[in-house]
Amino acid sequence: MALAKVCIGLLGFGTVGTGVVRLLTVERERLESRTGCTIQLKKVLVRNKNRPRKVLIDNRKLTTNSSDILDDPEIDVIIELVGGIDQAYRYILRALKNKKNVITANKDLMASYGDELLLEARKNKCDLCYEASVAGGIPILRTLTDSLAADRIQKMIGIVNGTTNYILSKMSHDGLSYEKALASAQALGFAEADPTSDVDGLDAARKMVILSHLAYSIPVKLDDVRITGITDVTKEDIAYAQKLGYTIKLVGISEVNNGTIDVRVEPTLLPNAHPLASVENENNAIYVYGSTLGETMYYGPGAGEGPTAVSVVSDLLLVIHDMKLGITGTHIFLPKREMHARKDNLVESQFFVRLHIMDQPGSFSRLTDLFKNQGISLEKLYQEPMVGQNAAEVSIVTHLTNKIQFEKSFDIMKKLDVVLNAKYFRVERG
Ligand code: NDP
Ligand code: HSE
């Protein structure tokens, strides 16, 4: 179909919205020559029209009334970048019912209501693209649905939250406190409006749900994901992990095995030689295990204005391509099979235990006897005295062990009278 002009309505003009307006302005000539049509940004929804903006825009384009965009028959494509769930859901649903193609970076929404909205898109013959919702600038969603379509994906390990990776990097290498590192991530525009979802692991869990859905064609529920954030990770945990040759990262793991699926997000020790261990700051990376291709890794900036805008505007080019061919709504990817979440008694892992014990004869053998009696074998042990405290710092890495068995042993260990305090993290093998 001959297409002279594509008209866009932008919902949200914050970090990512600014990046989109900047890219559409700076790259206008190239984008129009590539698509062969004029790309017009008609209206932009904001909360406050008087707020200073970081990029030049004709103020008459700003509106606080969503109907100016959602009900404008001239607008072909809606780009949703307001964030949150309820309002964004209503905007997208209304846009689709009004036969508008939609692009969003909203993982909160897509992880919970993605299937419903994708069905609505298909019904209305509209595209619904969300590449920017996972790992910012890394083109991982289309890699899973298109480039790796021939392979059977078995497992993915990802650093998929830029804010927490930035915080852990700054705590590890620059000696920043958790609070200072978080404030810096917020100032740089990586964090969510409410950063609790970043630091509690929920943002990463939502992204693992979206990735799992596309990689295995399984409708994974957020409730089935085991989630632990980074708020309890201390500089000391990071330092003692380093002494044993590991780096602590907030890692998402998704694995299908024997007809079950296991999806987790938790602070995890990675051997320093693991490719994910060297992913620093706001960068993200996703390690994909395909049964025929083997291991591949996708790496790049996972958050921030420019990288995320590239994913959004690339989605726009795809939508324009589909509009020209009259095929919008035809490549909506919906899950095809159900799968049960794996029970904890089937999960096996190595674990890193950090504890303080009383520095007295027999303390250490009480520990090792306990693990021996519980059938848990130890791979690494490290002990050093805590000066002036009549106590010792002990770090242990177990061999591969059943999670339930390990947790039972850990609970018994915590109650030993020689143990002052203890915590543990999962260890990913190299
Ligand atoms: P911001 O908080 O920076 O921007 C939100 C924008 O939406 C603001 O322009 C705000 O208006 C507008 N807005 C919010 N609520 C309303 C409302 N009720 N009515 C009208 N306008 C409203 O968010 P980000 O740009 O950081 O994030 C946008 C989306 O992209 C989110 O879903 C986020 O999860 C996702 N994302 C963000 C990334 C990042 O690095 N920041 C990376 C990948 C995805 P006003 O400016 O007037 O306040
Ligand atoms: N807050 C998110 C992060 C933005 O830090 O990864 C990118 O989705």
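Residues numbered from 1 in each chain as written. Chains lettered and ligands numbered in written order. Predicted model: local features only at pLDDT ≥ 70, side-chain atom pairs only at ≥ 80, totals over all residues. Heavy atoms only, no water.

Undergrad: What's the story with the site of ligand 2 in this structure? I'm lost.
TA: Surveying the vicinity of ligand 2 reveals the residues Lys-107, Asn-161, Gly-162, Thr-163, Phe-190, Ala-191, Glu-192, Asp-198, Asp-203, Lys-207, Gly-302 and Ala-303. At 2.6 Å, a side-chain N or O of Thr-163 approaches an oxygen atom of ligand 2. Protein chains bury 93% of the 250 Å² of accessible surface belonging to ligand 2 in isolation. At the level of elements, helix H7 (162-173) and helix H10 (202-216) are the ones that each hand at least two residues to the shell around ligand 2. Residues that form the shell around ligand 2 fall into these classes: three nonpolar, four polar and five charged. (Near = heavy atom within 4 Å. Polar contact = N/O pair within 3.5 Å; in protein donor to acceptor, adjacent residues only side chain to side chain. Areas by Shrake-Rupley, 256 points an atom, 1.4 Å probe, with all protein chains shown as cover. Helix = DSSP H or I, 4+ residues; strand = E, 2+ residues; numbered from the N terminus. Nonpolar A, V, L, I, M, F, W, Y, C, P; charged D, E, K, R; others polar.)

Undergrad: Even after reading the chapter, I still don't get the side chain of Ser-311, so can you show me in this structure?
TA: Relative to the helices and strands, Ser-311 is located in helix H12 (residues 305-325). Under the relative-accessibility criterion, Ser-311 is labelled buried at 4%. Excluding residues that lie within four positions of it along the chain, Ser-311 makes contacts with Glu-131, Ala-132, Gly-136 and Gly-137. (Buried < 20%, exposed > 50% of the residue type's maximum accessible area, 1.4 Å probe, protein only. Contact = heavy atoms within 4.5 Å.)

Undergrad: Would you mind going over the packing of aromatic side chains with me for this structure?
TA: Geometrically, a pair of aromatic rings is defined through the distance of the ring centres and the angle of the planes. Here the structure, examined in full by the defined rule, presents ten aromatic pairs. A ring pair is formed by Tyr-240 and Tyr-382, whose centres lie 6.3 Å apart and whose planes are at 55°; its orientation type is tilted. Placement of the pair is Tyr-240 in helix H11 (residues 235-243) and Tyr-382 in strand E15 (residues 378-386), with a sequence separation of 142 residues. Assessed through its relative accessible area of 24%, Tyr-382 is described here as partly exposed. With a centroid separation of 4.8 Å and 70° between ring planes, the pair formed by Phe-410 and Tyr-424 is classed as edge-to-face. One end of the pair, Phe-410, is in helix H14 (residues 403-414); the other, Tyr-424, is in strand E18 (residues 419-427), with 14 residues separating them in the sequence. On the basis of relative accessible area, Tyr-424 is assigned to the partly exposed category, the value being 30%. Feature note: the residues Phe-351, Phe-406, Phe-410 and Tyr-424 constitute an aromatic cluster, connected by ring pairs. (Phe/Tyr/Trp six-rings, centres within 6.5 Å; stacked < 30°, edge-to-face > 60°.)

Undergrad: How should the sheet that holds strand E2 (residues 38-45) be read in this particular structure?
TA: Strands belonging to one sheet form pairs held by backbone hydrogen bonds; the direction of such a pair is parallel or antiparallel. Overall, parallel pairing links the six strands, which are arranged E3-E2-E1-E4-E5-E6 in an open sheet. Of all the strands in the sheet, the pair left with one neighbour each is strand E3 (62-63) and strand E6 (128-129). With four bridges joining them, strand E1 (residues 5-11) and strand E4 (residues 77-80) adopt parallel strand pairing. When the bridges of E4 are listed, Gly-9 appears paired with Ile-78. Sheet strands in contact with helix H1 (residues 15-26) are E1, E2 and E4, and its direction is about 155° off that of E1. (Pairing = 2+ DSSP bridges. Axes fitted to C-alpha atoms, helices over the stretch in contact; angles between N-to-C directions.)

Undergrad: What's the story with the pairing of strand E16 (residues 391-398) in this structure? I'm lost.
TA: Along any regular strand the residues' side chains alternate between the sheet's two faces. Counting buried positions over the eight residues of E16 gives eight, a clear majority of the element. The side-chain alternation of E16 yields two buried faces, one formed by Ala-391, Glu-393, Ser-395 and Val-397 and the other by Ala-392, Val-394, Ile-396 and Thr-398. When strand E14 (residues 348-358) meets E16, the two strands line up antiparallel, connected through seven bridges. Bridging across to E16, His-356 finds its partner in Glu-393.

Undergrad: Please clarify how helix H4 (residues 86-97) should be interpreted in this entry.
TA: Each turn of an α-helix holds 3.6 residues, which means side chains three or four residues apart point in the same direction. The first and last C-alpha atoms of H4 sit 17 Å apart over twelve residues, in line with the 16 Å expected at 1.5 Å per residue. Along H4, the residues classified as buried are Ala-88, Tyr-89, Tyr-91, Ile-92, Leu-93, Ala-95 and Leu-96. Positive backbone phi, approximately 65°, marks Lys-99, located one or two places after H4. (Expected span 1.5 Å × (residues − 1).)

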